[in-house]
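# A structural walkthrough
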Amino acid sequence: MLRWLIGGGREPQGLAEKSVQTLGEEQTQNPYTELLVLKGHHDIVRFLVPIDDYRFASAGDDGVVCLWNAQTGEKLFELHAHTQKITAIAAFPVAHACEEKCHMILTAGADRAVIVWDCDSGRQIHKVSCFHSTVKCLTVLQRLDVWLSGGSDLCVWNQKLDLLCKTSHLTDSDISAMIELPKNCVAAAVGKELIILRLKTSKDGTEWDVFEVKRLLDHQDNILSLISISDLTFATGSHVGELIVWDALDWTMQAYECNWDASLHVDPQQEIKLSHSQNKISIQHLASDEKCVFAAVGKGIYVYNLQMKRVIAFQRTAHDSTVLHITKVPNRQLISCSEDGSVRIWELREKQQLTAEPVPSGFFGIWGFGRATKQANNTAKKAPESTTVYSLDLTGDLIGHSSAVQLVVCRGIFSMKEMCLSSKKVEKYCSRLQLSYIAKIP
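The paragraphs below set out a description of the structure included in this document.

Pairing between side chains of opposite charge can happen when the charged atoms of each approach one another. Applying the stated criterion across every chain, the model contains 12 salt bridges. Between Asp52 and Arg55 there is a salt bridge whose closest N-O contact spans 2.8 Å. Judged by its relative accessible area of 15%, Asp52 falls in the buried class. According to the relative accessible area criterion, Arg55 is buried, its value standing at 6%. The salt bridge involving Glu212 is made with Arg215; its shortest N-O contact spans 2.7 Å. Given a relative accessible area of 29%, Arg215 falls into the partly exposed group.

What follows is the structure, given as structure tokens:
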């Protein structure tokens, strides 16, 4: 009952949602506790970016960027320059030959501007406002000491915001996500297409070019998640539930999964119930530990093993509403957050299970006569085989948010929410957005 009150009075779910796991109030396996509630924004917070071991930045729809001390909760700087909501943010550490490493952050807004900030002084270093559309994503290529902006086209910039090169208009859709690939390549998600681009520079670094190498058209709907798994592989997830694992060197498809219920051998009656309730199958987010890909599919979480090329564990209804983000943390644990305002901790467990031995059938088999007895004796001589069975078990429920939790970032752990619950009445909400910092108990 307490869970539903603190959760902001969620609406009753359908029959399929009754399988959501719950924990008691003690939560003996939960290693986290809420330490601080940081108030600094006046609208939805959508981004949390670690800067170093003790600082992080938050940004969102109010157009404000806040820098925080993660250890004390102190607000270090409040950065004002964008006139509309923040649409992308990235940390950009810079190492100088004669100086210590300094930290910068890049922010892009719906005002079609990108700003470079100094995290140590809180001052604006550079600003550019020459974009034809909103920048949707920012990617830093530290090895080349450049950064990329993605919108209606892809632009390559140096630290001083000098435009080095750009692509022509790619498609009717904007670039929604980018990741770095080997051999100076970049993968860009544009609608349902995955475009591979390559950067080329002269020996003295004065001339740059970016050009399209290949287009991958295997997705049937828009790509919502694009992640790097390792130096050799990356993965994409789409609006209709397609997971594709790609080779990062030749961009060939290594694995494909889209029918999640069929891969779990769901019985026909369950499939009928799910189809009638129109259960969402959209992949909102992907995470990986190089051995498995963790997919937020609708309200569920699925663990896809890259070597076996199949789902090994799952929680079909991990939350009461759509899972928005998954973060992998050490000790085989995951942290997920959802539109229902919950943040939950899961542990991937494995155990050895003996395979069932064949049982003699028939009348004579019962009394030990005939051929069935010989078969049983032969079976008994064989050592029972064991198989590894995996499960995704709930170990913690971080209660405190009253509306959609957009993101969880592991540095200790930072989590954010849309608005906070009033301390006086459950039905009323505070007008200020809260940012909760959650740290692990030593």
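Okay, back to it.
The strand order across the open sheet built from four strands is β22-β23-β24-β25, with neighbouring strands paired in antiparallel fashion. Looking at which strands have only one partner, the edges of the open sheet turn out to be β22 (283-288) and β25 (310-315). When strand polarity is set aside, the average angle formed by the axes of neighbouring strands in this sheet is 20°. Here six bridges tie strand β23 (residues 292-297) to strand β24 (residues 300-305), and the two strands are oriented antiparallel to one another. By the bridge assignment for β24, Phe294 is matched with Val303.

Moving on to the pairing of strand β9 (residues 124-128). By the bridge criterion, four bridges tie strand β8 (residues 114-118) to β9 in an arrangement that is antiparallel. The residue bridging Val114 from the neighbouring strand is Val128, located in β9. Remark: five residues form the turn of the hairpin made by β8 and β9, two consecutive strands paired antiparallel; Gly122 in that turn has positive phi of roughly 75°.

Let us now look at the sheet that holds strand β13 (residues 163-166). Strand order in the open sheet made by the four strands is β10-β11-β12-β13, with antiparallel pairing throughout. Edge positions in the sheet fall to β10 (137-141) and β13, since each has one partner strand and no second. Strand-to-strand twist across the sheet, computed as the mean angle between neighbouring axes with direction ignored, equals 20°. Alignment of strand β11 (residues 146-150) against strand β12 (residues 154-157), held across four bridges, turns out to be antiparallel. Bridge pairing links Leu148 to Val156 in β12.

So, on to the environment of Asp209. Within the secondary structure, Asp209 sits in strand β17 (residues 208-216). With relative accessibility at 38%, the residue Asp209 sits in the partly exposed group. Put simply, Asp209 and Leu164 are 45 residues apart on the chain and 7.7 Å apart in space, counted from C-alpha to C-alpha.

This brings us to the environment of Val65. Along the chain, Val65 turns up in strand β4 (residues 64-69). Taking C-alpha positions, Val65 is 9.5 Å from Ile89, a pair spaced 24 residues apart along the chain. In this view, Val65 contacts Ala57, Ser58, Ala59, Phe77, Glu78, Leu79, Ile86, Ile105 and Thr107; residues no more than four positions away in its chain are not counted.

Another aspect to go through is the packing of aromatic side chains. Within the structure shown, the criterion is met by six aromatic pairs. With a centroid separation of 6.5 Å and an interplanar angle of 15°, the aromatic rings of Phe56 and Trp68 are classed as stacked. You can see Phe56 sitting in strand β3 (residues 55-60) and its partner Trp68 sitting in strand β4, a full 12 residues away along the chain. You'll find Phe56 and Trp68 in the same group, each marked buried. For the ring pair Trp147 and Trp157, a centre distance of 5.6 Å and an interplane angle of 15° mean the geometry is stacked. Of this pair, Trp147 sits in strand β11 while Trp157 sits in strand β12, placing them 10 residues apart in sequence. Note on accessibility: Trp147 and Trp157 belong to one class, buried. An aromatic cluster is built from Phe131, Trp147 and Trp157, whose rings are joined through pairwise contacts.

The next point concerns the pairing of β24. Burial of β24 is extensive: six of the six residues sit out of reach of the surface. Alternating residues of β24 divide into Gly300, Tyr302 and Tyr304 and Ile301, Val303 and Asn305, and every residue in both groups is buried. In this structure, the hairpin formed by β23 and β24 is closed by a connection of two residues, where Gly298 is found at a positive phi of approximately 60°. Inspection of the sheet shows β24 paired to β25 by five bridges, in the antiparallel sense. Within β25, the position partnered with Tyr304 by the bridge is Val311. Between β24 and β25, which pair antiparallel in sequence order, lie four residues; one of them, Lys309, sits at a positive phi of approximately 60°.

Parameters and conventions
- For every chain, the first residue of the written sequence is number 1, and numbering continues from 1 onward in sequence order.
- Local features in this predicted model are restricted to residues whose pLDDT is 70 or higher, and side-chain atom pairs enter the listing and the counts only when it is 80 or higher, whereas totals over whole chains, interfaces and linings include all residues.
- Values reported for side chains reflect all heavy atoms of the structure, with hydrogen atoms and water molecules removed beforehand.
- Any carboxyl oxygen of Asp or Glu that lies within 4 Å of a side-chain nitrogen of Lys or Arg is treated as forming a salt bridge with it.
- Only protein chains enter the accessibility calculation, which uses a 1.4 Å probe. A residue is then buried if its area is under 20% of the maximum for its type, exposed if over 50%, and partly exposed in between.
- Between any two strands, at least two bridges found by DSSP are needed for them to pair.
- Secondary structure follows DSSP: runs of H or I at least 4 residues long count as helices, runs of E at least 2 residues long count as strands, and numbering of each begins at the N terminus.
- Angular values range over 0 to 180 degrees, each being the angle between N-to-C directions of two axes fitted as lines to C-alpha atoms, with helices fitted over their stretch in contact.
- Throughout, a contact is declared for two residues whenever any of their heavy atoms are within 4.5 Å.
- When the centres of two rings from Phe, Tyr and Trp lie within 6.5 Å, Trp using its six-membered ring, the rings pair. Their planes under 30 degrees apart give stacked, over 60 give edge-to-face, and anything left gives tilted.

Scope: geometric values only; no functional claims are made or implied.
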